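# Fold and geometry: a report
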Amino acid sequence: VHRLPLIKVQGVPLRCLIANNFDSISAFRPDPSDILIATYPKAGTTWVQEIVDLLRHDGDEEATRRAPTQERSPFLEIHYPPPIPSGLSRIEKMTPPRVIKTHLPINLVPEGFWENKCKVIYVARNAKDNLVSYYHFEKMTFIQPEPGPWDGYIHKFMNGELAWGSWYNHVKDYWMEREKKNILYLFYEDMQENPRREVERIMHYLDLSLSDDVISRIVELTSFKSMKENPMANYSSMPDIFDQSISPFMRKGVVGDWTNFFTPAQNQLFDADYTKQMKDFDIPFRTNI
Ligand code: A3P
(Lines give C-alpha, C1' and ligand atoms only; values in the text may rest on other atoms or scores of the structure.)
Protein backbone atom coordinates (compact mmCIF):
# COMPACT_ATOMS: atom_id res chain seq x y z
CA VAL A 1 0.00 0.00 0.00
CA HIS A 2 1.21 3.44 -0.94
CA ARG A 3 0.09 7.02 -0.76
CA LEU A 4 -0.99 7.03 -4.39
CA PRO A 5 -2.47 10.18 -5.95
CA LEU A 6 -6.23 10.53 -6.24
CA ILE A 7 -8.03 10.13 -9.57
CA LYS A 8 -11.24 11.98 -10.40
CA VAL A 9 -14.47 10.19 -11.31
CA GLN A 10 -17.14 12.60 -12.57
CA GLY A 11 -15.17 15.38 -10.93
CA VAL A 12 -14.85 13.62 -7.57
CA PRO A 13 -11.30 12.71 -6.43
CA LEU A 14 -11.14 9.09 -5.29
CA ARG A 15 -8.40 6.68 -4.26
CA CYS A 16 -7.02 5.36 -7.54
CA LEU A 17 -7.98 1.75 -6.84
CA ILE A 18 -11.57 2.86 -6.44
CA ALA A 19 -11.47 5.09 -9.52
CA ASN A 20 -10.02 2.24 -11.59
CA ASN A 21 -12.79 -0.12 -10.45
CA PHE A 22 -15.55 2.41 -10.75
CA ASP A 23 -17.56 0.71 -13.52
CA SER A 24 -17.84 -2.47 -11.53
CA ILE A 25 -18.76 -0.54 -8.37
CA SER A 26 -21.57 1.28 -10.22
CA ALA A 27 -22.93 -2.04 -11.43
CA PHE A 28 -23.31 -3.41 -7.89
CA ARG A 29 -26.79 -4.88 -7.35
CA PRO A 30 -27.74 -4.77 -3.69
CA ASP A 31 -30.49 -6.91 -2.26
CA PRO A 32 -33.58 -4.91 -1.22
CA SER A 33 -32.86 -5.98 2.37
CA ASP A 34 -29.34 -4.51 2.35
CA ILE A 35 -28.75 -1.39 4.45
CA LEU A 36 -26.41 1.36 3.28
CA ILE A 37 -24.56 3.62 5.74
CA ALA A 38 -23.32 6.67 3.83
CA THR A 39 -21.04 9.41 5.12
CA TYR A 40 -18.36 11.86 4.18
CA PRO A 41 -15.19 10.31 5.67
CA LYS A 42 -14.79 10.89 9.42
CA ALA A 43 -18.39 11.91 10.11
CA GLY A 44 -19.12 9.01 12.48
CA THR A 45 -19.38 6.06 10.09
CA THR A 46 -17.92 3.45 12.44
CA TRP A 47 -20.15 4.60 15.28
CA VAL A 48 -23.30 4.07 13.21
CA GLN A 49 -21.96 0.80 11.80
CA GLU A 50 -21.61 -0.54 15.34
CA ILE A 51 -25.04 0.72 16.38
CA VAL A 52 -26.71 -0.89 13.37
CA ASP A 53 -24.87 -4.18 13.85
CA LEU A 54 -25.91 -4.34 17.50
CA LEU A 55 -29.50 -3.39 16.69
CA ARG A 56 -29.68 -6.18 14.15
CA HIS A 57 -28.26 -8.64 16.68
CA ASP A 58 -30.60 -7.70 19.49
CA GLY A 59 -27.77 -6.06 21.44
CA ASP A 60 -25.77 -9.30 21.51
CA GLU A 61 -22.23 -8.18 22.24
CA GLU A 62 -20.69 -11.51 21.26
CA ALA A 63 -22.29 -11.38 17.84
CA THR A 64 -20.67 -8.04 17.12
CA ARG A 65 -17.30 -9.25 18.39
CA ARG A 66 -17.17 -12.05 15.86
CA ALA A 67 -15.02 -9.98 13.48
CA PRO A 68 -13.69 -6.45 12.99
CA THR A 69 -16.06 -3.72 11.78
CA GLN A 70 -14.91 -3.85 8.18
CA GLU A 71 -15.73 -7.57 7.95
CA ARG A 72 -19.15 -7.32 9.56
CA SER A 73 -20.08 -4.20 7.67
CA PRO A 74 -18.00 -4.00 4.49
CA PHE A 75 -16.96 -0.92 2.56
CA LEU A 76 -18.72 -0.79 -0.83
CA GLU A 77 -15.98 0.83 -2.87
CA ILE A 78 -13.23 -1.32 -1.35
CA HIS A 79 -14.90 -4.66 -0.68
CA TYR A 80 -17.21 -5.00 -3.65
CA PRO A 81 -15.05 -4.90 -6.77
CA PRO A 82 -14.84 -8.60 -7.68
CA PRO A 83 -11.30 -9.95 -7.66
CA ILE A 84 -9.70 -10.58 -11.02
CA PRO A 85 -9.82 -13.03 -12.81
CA SER A 86 -12.55 -14.82 -10.87
CA GLY A 87 -13.87 -15.44 -7.42
CA LEU A 88 -16.16 -13.56 -5.10
CA SER A 89 -15.43 -10.30 -3.33
CA ARG A 90 -16.04 -9.86 0.39
CA ILE A 91 -19.48 -8.35 -0.19
CA GLU A 92 -20.50 -11.08 -2.64
CA LYS A 93 -19.54 -13.75 -0.13
CA MET A 94 -21.99 -12.36 2.43
CA THR A 95 -25.68 -13.23 2.50
CA PRO A 96 -28.21 -10.39 2.64
CA PRO A 97 -29.30 -8.52 4.58
CA ARG A 98 -25.86 -6.90 4.59
CA VAL A 99 -24.88 -3.62 6.20
CA ILE A 100 -22.73 -1.81 3.66
CA LYS A 101 -20.69 1.35 4.21
CA THR A 102 -19.93 3.94 1.56
CA HIS A 103 -18.36 7.37 1.35
CA LEU A 104 -19.59 7.98 -2.18
CA PRO A 105 -21.43 11.22 -2.85
CA ILE A 106 -25.06 10.50 -3.66
CA ASN A 107 -24.70 10.87 -7.42
CA LEU A 108 -22.04 8.13 -7.47
CA VAL A 109 -24.01 5.63 -5.34
CA PRO A 110 -24.94 2.58 -7.48
CA GLU A 111 -28.48 3.02 -8.86
CA GLY A 112 -29.43 -0.41 -7.53
CA PHE A 113 -29.74 1.00 -4.01
CA TRP A 114 -32.48 3.38 -5.14
CA GLU A 115 -34.16 0.95 -7.52
CA ASN A 116 -34.39 -1.63 -4.75
CA LYS A 117 -35.49 0.95 -2.20
CA CYS A 118 -32.78 -0.07 0.25
CA LYS A 119 -32.68 1.65 3.62
CA VAL A 120 -30.01 4.33 3.61
CA ILE A 121 -28.65 5.99 6.75
CA TYR A 122 -26.62 9.15 6.23
CA VAL A 123 -24.49 10.71 8.97
CA ALA A 124 -23.29 14.29 8.71
CA ARG A 125 -20.82 16.05 10.98
CA ASN A 126 -20.16 19.78 11.20
CA ALA A 127 -17.54 20.87 8.68
CA LYS A 128 -14.90 22.08 11.11
CA ASP A 129 -14.76 18.98 13.30
CA ASN A 130 -15.07 16.78 10.23
CA LEU A 131 -12.07 18.56 8.70
CA VAL A 132 -9.97 18.25 11.88
CA SER A 133 -10.77 14.55 12.12
CA TYR A 134 -9.92 13.97 8.45
CA TYR A 135 -6.61 15.80 8.85
CA HIS A 136 -5.54 13.49 11.67
CA PHE A 137 -6.78 10.46 9.78
CA GLU A 138 -4.75 11.30 6.69
CA LYS A 139 -1.64 11.59 8.82
CA MET A 140 -2.07 8.07 10.19
CA THR A 141 -3.25 6.19 7.09
CA PHE A 142 -0.88 5.06 4.36
CA ILE A 143 -3.53 4.78 1.67
CA GLN A 144 -4.41 8.43 1.05
CA PRO A 145 -2.21 11.35 0.05
CA GLU A 146 -0.26 13.15 2.79
CA PRO A 147 -2.38 15.89 4.35
CA GLY A 148 0.49 18.38 4.18
CA PRO A 149 0.56 21.52 6.36
CA TRP A 150 -2.56 22.41 8.33
CA ASP A 151 -3.23 25.74 6.65
CA GLY A 152 -3.08 24.23 3.17
CA TYR A 153 -5.31 21.38 4.34
CA ILE A 154 -8.09 23.80 5.19
CA HIS A 155 -7.95 25.08 1.61
CA LYS A 156 -7.98 21.59 0.16
CA PHE A 157 -11.09 20.86 2.21
CA MET A 158 -12.80 24.10 1.11
CA ASN A 159 -11.91 23.35 -2.51
CA GLY A 160 -13.18 19.76 -2.42
CA GLU A 161 -9.76 18.34 -3.23
CA LEU A 162 -9.70 15.58 -0.60
CA ALA A 163 -10.61 11.96 -1.21
CA TRP A 164 -14.38 11.63 -1.85
CA GLY A 165 -14.52 15.26 -2.85
CA SER A 166 -16.35 18.24 -1.47
CA TRP A 167 -17.84 17.95 2.03
CA TYR A 168 -20.24 20.75 1.04
CA ASN A 169 -21.65 18.95 -1.99
CA HIS A 170 -21.75 15.67 -0.07
CA VAL A 171 -23.91 16.90 2.80
CA LYS A 172 -26.08 19.09 0.53
CA ASP A 173 -26.80 16.45 -2.09
CA TYR A 174 -27.95 13.83 0.45
CA TRP A 175 -29.95 16.52 2.25
CA MET A 176 -31.82 17.44 -0.94
CA GLU A 177 -32.73 13.83 -1.66
CA ARG A 178 -33.48 12.68 1.88
CA GLU A 179 -37.27 12.83 1.64
CA LYS A 180 -37.70 11.57 -1.89
CA LYS A 181 -35.35 8.67 -1.26
CA ASN A 182 -36.41 7.98 2.34
CA ILE A 183 -32.90 8.50 3.69
CA LEU A 184 -32.46 8.71 7.47
CA TYR A 185 -30.29 11.85 7.81
CA LEU A 186 -28.46 11.92 11.14
CA PHE A 187 -26.06 14.39 12.72
CA TYR A 188 -22.97 13.41 14.69
CA GLU A 189 -23.68 16.24 17.13
CA ASP A 190 -27.19 14.90 17.83
CA MET A 191 -25.67 11.49 18.56
CA GLN A 192 -23.30 13.11 21.02
CA GLU A 193 -26.05 15.16 22.63
CA ASN A 194 -28.43 12.26 23.15
CA PRO A 195 -27.12 8.91 21.95
CA ARG A 196 -30.15 7.01 23.18
CA ARG A 197 -32.55 9.19 21.21
CA GLU A 198 -30.52 8.62 18.04
CA VAL A 199 -30.17 4.86 18.61
CA GLU A 200 -33.95 4.70 18.93
CA ARG A 201 -34.34 6.77 15.79
CA ILE A 202 -32.20 4.28 13.88
CA MET A 203 -34.10 1.37 15.42
CA HIS A 204 -37.46 2.76 14.26
CA TYR A 205 -36.13 3.48 10.79
CA LEU A 206 -35.00 -0.16 10.54
CA ASP A 207 -38.46 -1.33 11.69
CA LEU A 208 -37.00 -2.94 14.79
CA SER A 209 -38.36 -2.86 18.29
CA LEU A 210 -36.04 -3.72 21.16
CA SER A 211 -36.55 -3.51 24.90
CA ASP A 212 -35.37 -0.54 26.94
CA ASP A 213 -32.68 -2.70 28.53
CA VAL A 214 -31.32 -3.78 25.20
CA ILE A 215 -31.30 -0.20 23.95
CA SER A 216 -29.40 0.88 27.07
CA ARG A 217 -26.86 -1.85 26.47
CA ILE A 218 -26.40 -0.78 22.86
CA VAL A 219 -25.84 2.83 23.93
CA GLU A 220 -23.23 1.65 26.43
CA LEU A 221 -21.46 -0.65 23.98
CA THR A 222 -21.25 2.11 21.39
CA SER A 223 -19.93 4.83 23.68
CA PHE A 224 -16.64 6.31 22.56
CA LYS A 225 -14.84 4.65 25.47
CA SER A 226 -16.27 1.19 24.76
CA MET A 227 -15.50 1.40 21.07
CA LYS A 228 -12.00 2.73 21.65
CA GLU A 229 -11.28 -0.28 23.87
CA ASN A 230 -12.98 -2.78 21.57
CA PRO A 231 -10.43 -4.42 19.24
CA MET A 232 -13.29 -5.36 16.91
CA ALA A 233 -14.34 -1.71 16.52
CA ASN A 234 -11.15 0.35 16.88
CA TYR A 235 -9.42 -0.73 13.67
CA SER A 236 -6.42 -2.09 15.57
CA SER A 237 -6.77 -5.06 13.21
CA MET A 238 -5.37 -3.03 10.31
CA PRO A 239 -1.80 -2.06 11.24
CA ASP A 240 -0.84 -2.42 7.56
CA ILE A 241 -2.80 0.68 6.60
CA PHE A 242 -3.14 2.62 9.86
CA ASP A 243 -0.34 3.77 12.16
CA GLN A 244 -2.31 4.46 15.30
CA SER A 245 0.81 5.66 17.13
CA ILE A 246 0.60 8.76 14.91
CA SER A 247 -3.08 9.33 15.72
CA PRO A 248 -5.53 6.74 17.02
CA PHE A 249 -8.56 5.87 14.85
CA MET A 250 -10.70 6.53 17.92
CA ARG A 251 -9.01 9.87 18.40
CA LYS A 252 -11.08 12.20 20.62
CA GLY A 253 -14.72 11.63 19.78
CA VAL A 254 -15.98 15.07 20.80
CA VAL A 255 -17.82 18.06 19.35
CA GLY A 256 -15.84 21.29 19.11
CA ASP A 257 -12.27 20.02 18.84
CA TRP A 258 -11.90 22.42 15.88
CA THR A 259 -11.39 25.28 18.36
CA ASN A 260 -8.01 23.72 19.21
CA PHE A 261 -6.83 23.95 15.60
CA PHE A 262 -8.39 26.92 13.76
CA THR A 263 -6.69 30.26 14.30
CA PRO A 264 -9.09 33.25 14.44
CA ALA A 265 -7.98 34.23 10.92
CA GLN A 266 -8.53 30.72 9.55
CA ASN A 267 -11.89 30.60 11.24
CA GLN A 268 -12.98 33.88 9.69
CA LEU A 269 -11.90 32.82 6.23
CA PHE A 270 -13.57 29.43 6.63
CA ASP A 271 -16.84 30.97 7.83
CA ALA A 272 -16.98 33.43 4.94
CA ASP A 273 -16.45 30.63 2.44
CA TYR A 274 -18.92 28.36 4.29
CA THR A 275 -21.66 30.96 4.00
CA LYS A 276 -21.13 31.09 0.25
CA GLN A 277 -20.94 27.35 -0.27
CA MET A 278 -23.95 26.59 1.94
CA LYS A 279 -26.07 29.46 0.61
CA ASP A 280 -29.72 28.45 0.13
CA PHE A 281 -29.26 25.45 2.42
CA ASP A 282 -30.55 25.47 5.90
CA ILE A 283 -28.97 22.28 7.22
CA PRO A 284 -28.94 22.49 11.02
CA PHE A 285 -25.25 21.89 11.69
CA ARG A 286 -23.88 22.67 15.13
CA THR A 287 -20.23 23.36 15.87
CA ASN A 288 -20.75 23.02 19.60
CA ILE A 289 -23.45 21.46 21.75
P1 A3P B 1 -12.30 12.26 15.91
O2 A3P B 1 -11.14 12.12 14.96
O3 A3P B 1 -12.82 13.66 15.97
O4 A3P B 1 -12.03 11.71 17.24
P5 A3P B 1 -15.45 7.58 10.88
O6 A3P B 1 -15.91 6.38 11.63
O7 A3P B 1 -16.45 8.13 9.95
O8 A3P B 1 -14.10 7.36 10.28
O9 A3P B 1 -15.30 8.76 11.96
C10 A3P B 1 -14.30 8.73 12.93
C11 A3P B 1 -14.59 9.82 13.94
O12 A3P B 1 -15.71 9.42 14.75
C13 A3P B 1 -13.43 10.04 14.89
O14 A3P B 1 -13.53 11.40 15.29
C15 A3P B 1 -13.81 9.08 16.01
O16 A3P B 1 -13.17 9.34 17.23
C17 A3P B 1 -15.29 9.34 16.11
N18 A3P B 1 -16.02 8.25 16.77
C19 A3P B 1 -15.95 6.94 16.51
N20 A3P B 1 -16.72 6.24 17.35
C21 A3P B 1 -17.29 7.13 18.17
C22 A3P B 1 -18.20 7.02 19.28
N23 A3P B 1 -18.65 5.85 19.69
N24 A3P B 1 -18.58 8.17 19.89
C25 A3P B 1 -18.12 9.37 19.47
N26 A3P B 1 -17.26 9.54 18.44
C27 A3P B 1 -16.86 8.43 17.80
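The text that follows walks through the structure, step by step, so that each part is easy to find. (Residues numbered from 1 in each chain as written. Predicted model: local features only at pLDDT ≥ 70, side-chain atom pairs only at ≥ 80, totals over all residues. Heavy atoms only, no water.)

### Section: the packing of aromatic side chains
- Using the criterion set out here, one finds 32 aromatic pairs in the structure.
- Ring geometry for Y122 versus Y174: centroids 4.2 Å apart, planes at 20 degrees, classification stacked. Placement of Y122 in strand β5 (residues 119-124) and of Y174 in helix α11 (residues 167-177) is noted, with a sequence separation of 52 residues between them. No difference in accessibility class separates Y122 from Y174, as the two residues are buried.
- Taking 5.8 Å as the distance between ring centres and 85 degrees as the angle between the ring planes, the aromatic pair formed by W258 and F262 counts as edge-to-face.
- Using a relative accessible area of 11% as the deciding quantity, one classes W258 as buried.
- One residue, R125, lies across the ring of Y188, its end atom 4.0 Å from the ring centre.
- Cation over ring: K128 sits above W258, and NZ or CZ is 4.1 Å from the ring centre. (Phe/Tyr/Trp six-rings, centres within 6.5 Å; stacked < 30°, edge-to-face > 60°. Helix = DSSP H or I, 4+ residues; strand = E, 2+ residues; numbered from the N terminus. Buried < 20%, exposed > 50% of the residue type's maximum accessible area, 1.4 Å probe, protein only. Lys NZ or Arg CZ within 6 Å of the ring centre and 35° of its normal.)

### Observations concerning the pattern of salt bridges
- Under the criterion given, the structure shown has 23 salt bridges.
- The partner of K181 in a salt bridge is E177, and the shortest N-O contact between them spans 3.0 Å.
- On the basis of relative accessible area, K181 is assigned to the partly exposed category, the value being 25%. (Salt bridge = Lys/Arg side-chain N within 4 Å of Asp/Glu carboxyl O.)

### Describing the site of the ligand
- Not every one of the 19 residues close to the ligand is listed here, only the nearest: T45, T46, S133, Y188 and K252.
- In this structure, T222 approaches the ligand through a main-chain N or O atom, which is 2.8 Å from a nitrogen atom.
- Bound to the protein, the ligand loses 97% of the 570 Å² it would expose on its own.
- Counting residues per element, the shell around the ligand draws most heavily on helix α3 (residues 45-56), at three residues.
- Along the lines of polarity and charge, the residues of the shell around the ligand split into seven nonpolar, eight polar and four charged. (Near = heavy atom within 4 Å. Polar contact = N/O pair within 3.5 Å; in protein donor to acceptor, adjacent residues only side chain to side chain. Areas by Shrake-Rupley, 256 points an atom, 1.4 Å probe, with all protein chains shown as cover. Nonpolar A, V, L, I, M, F, W, Y, C, P; charged D, E, K, R; others polar.)

### Re the nonpolar core
- Of all hydrophobic cores here, the largest spans 91 residues; its most connected members are L14, I121, Y185 and I202.
- With seven residues, the top contributor of residues to this core is helix α9 (residues 127-140).
- For I202, the residues in contact, after removing those within four places along its chain, are V48, I51, V52, L55, I121, L184 and L186. (Core = buried A, V, L, I, M, F, W, Y, C linked by side-chain atoms within 4.5 Å. Contact = heavy atoms within 4.5 Å.)

### Thoughts on helix α13 (residues 195-205)
- Buried residues of α13: E198, V199, I202, M203 and Y205, and no others. Here the buried residues of α13 occupy an arc of 165 degrees about the axis, which is enough to place them on one side.
- Residues of α13 that are buried in the fold lie against α3, β5, β6 (183-187), α12 (188-193) and α14 (212-221).
- Downstream of α13 by one or two residues, D207 has phi in the positive range, about 60 degrees. (Arc of directions from axis to C-beta.)

### With respect to the sheet that holds strand β4 (residues 99-102)
- Ordered in space as β4-β3-β5-β6, the four strands form an open sheet in which the pairing is parallel. The open sheet has two edge strands with one neighbour each: β4 and β6. Sheet twist, expressed as the mean angle between neighbouring strand axes with direction ignored, is 20 degrees.
- With five bridges connecting them, strand β3 (residues 35-39) and β5 associate as parallel partners. Its bridge partner being in β5, A38 is matched across the sheet by Y122.
- Seen against the sheet, α3 touches β3, β4, β5 and β6 and runs at an angle of roughly 160 degrees to β3.
- Helix-sheet contacts for α13 involve β5 and β6, and the interaxial angle to β6 is about 175 degrees. (Pairing = 2+ DSSP bridges. Axes fitted to C-alpha atoms, helices over the stretch in contact; angles between N-to-C directions.)

Worth remembering: the numbers are spatial, not functional.
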